[in-house]
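Next come the chains, spelled out residue by residue.
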Amino acid sequence: MASVDLGVVRAQLERWAGIHYHEGVTVSDLRPMPGHAGLSFGFTLSDPTGILDRLVIRMPPAGVRRSGNTDVLRQVPLLRALQRCQVPVADVRWWDSDEQWFGVPFLMVSLLPGSTFIVRDPDPSFALAGVTAASVIEQSVDALTLVHAVDWTVDLAEWQVPIHLDAEVKFWDPLLAKSADPAWIDIGHRTRDLLLNAVPELPSVGIFHGDFQTNNLLFDGGRLIAILDWEISGIGAQLLDLGWLLMMNDPESWADSDGLVGVADADSLIARYADLSGRNVEAADVDWYRALAGYRFGVIACFNVMLHRSGKRPDPEWDRIAASVPALFGRAAQLLSR
């Protein structure tokens, strides 16, 4: 996340709230929210009578091109369509392209209670509620079927042109070329070629989240209440989401897999998705998407490790993830060769 003066943000919010609520509204409990796409802050609005609202504001960094994950207004029609179809998402409360308030466009949603589930270090509230990792993953699959059931041709016909799978694979070429380790480029190219040689025909096309993992799912009392962080969502092959969820919880994809315990096995989760979605989905069908997910995250890691080690965007978390890059590419190749 870019460096931001919270005092400036608070003053901007209070000026905005003075017009959109009433004069004298104050901002408290202002803090950065988790995530890496753009800027996101939770805050509380109050006046002498008490709390008026709890919100999250999302903004792009100043000076960047507003497209893809930095185009926060792109999420508005998507979130509203998902909510109409009973998908658990936060309420969209305010949005505006007028830059007079924050110097950039913005989106505000309701601030919800609860915690996301960090697989290697879950919040203690989950254990206190008797909630297991397997239960969390099963609820995640259940929610994913709701996302994939939304008819994008009705609700989002003009939102985005569908992304073809070969284009999705090739999209990552420029980032792989900037890898922190030249050896990773060679491994990545081999996995990339295997993917392109086996692109599935006639995939189920619709809304996909793009980063569907338990870090982006909000639970309260052990119950899933919202799917968060739709910055890289799109229209395309939906099984990418299932492949991504499985990859994130696959011990063979990670060098530090000791923390991945108690997660339901892939075959049972695929069967659960098939049963709830009513789709004829076999484990073999999902292997390509699991491989794409591993390749995709492997490339993202290659690029972000470079940014970290070069000092352009320091984040020690990428030092931990760096050890898993060969495993991610290798596991993807293995899935494609089964």
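Whatever comes next refers back to the structure up there.
Residues numbered from 1 in each chain as written. Predicted model: local features only at pLDDT ≥ 70, side-chain atom pairs only at ≥ 80, totals over all residues. Heavy atoms only, no water.

Attention now goes to the pattern of salt bridges. Oppositely charged side chains can form a pair if their charged atoms are brought close together. Under the definition given, this model contains 17 salt bridges. Put simply, Arg84 and Asp155 hold a salt bridge, and the shortest N to O gap is 3.5 Å. Of this pair, Arg84 sits in helix H2 (residues 75-84) while Asp155 sits in helix H5 (residues 152-155), and the two are 71 residues apart along the sequence. Judged by relative accessible area, which is 51%, Arg84 ranks as exposed. According to the relative accessible area criterion, Asp155 is partly exposed, its value standing at 24%. With its nearest N and O atoms 3.1 Å apart, the salt bridge here joins Arg192 to Asp193. Given the relative accessible area of 17%, Arg192 is considered buried. Note on Asp193: relative accessible area 37%, which makes it partly exposed. A network of salt bridges, in which partner residues are shared, links Asp250, Glu252, Asp287, Arg290 and Arg331. (Salt bridge = Lys/Arg side-chain N within 4 Å of Asp/Glu carboxyl O. Helix = DSSP H or I, 4+ residues; strand = E, 2+ residues; numbered from the N terminus. Buried < 20%, exposed > 50% of the residue type's maximum accessible area, 1.4 Å probe, protein only.)

Let's shift gears to the sheet that holds strand E9 (residues 223-227). Read from one edge of the open sheet, 3 strands run E6-E8-E9, paired in antiparallel fashion. Pairing within the sheet leaves two strands with one partner each, and these edge strands are strand E6 (115-116) and E9. Pairing geometry for E6 and strand E8 (residues 217-220), over 2 bridges, is antiparallel. Following the sheet pairing, Ser115 is matched in E8 by Phe219. Those strands touched by helix H4 (residues 133-149) are E8 and E9, and its axis lies near 45° from that of E9. (Pairing = 2+ DSSP bridges. Contact = heavy atoms within 4.5 Å. Axes fitted to C-alpha atoms, helices over the stretch in contact; angles between N-to-C directions.)

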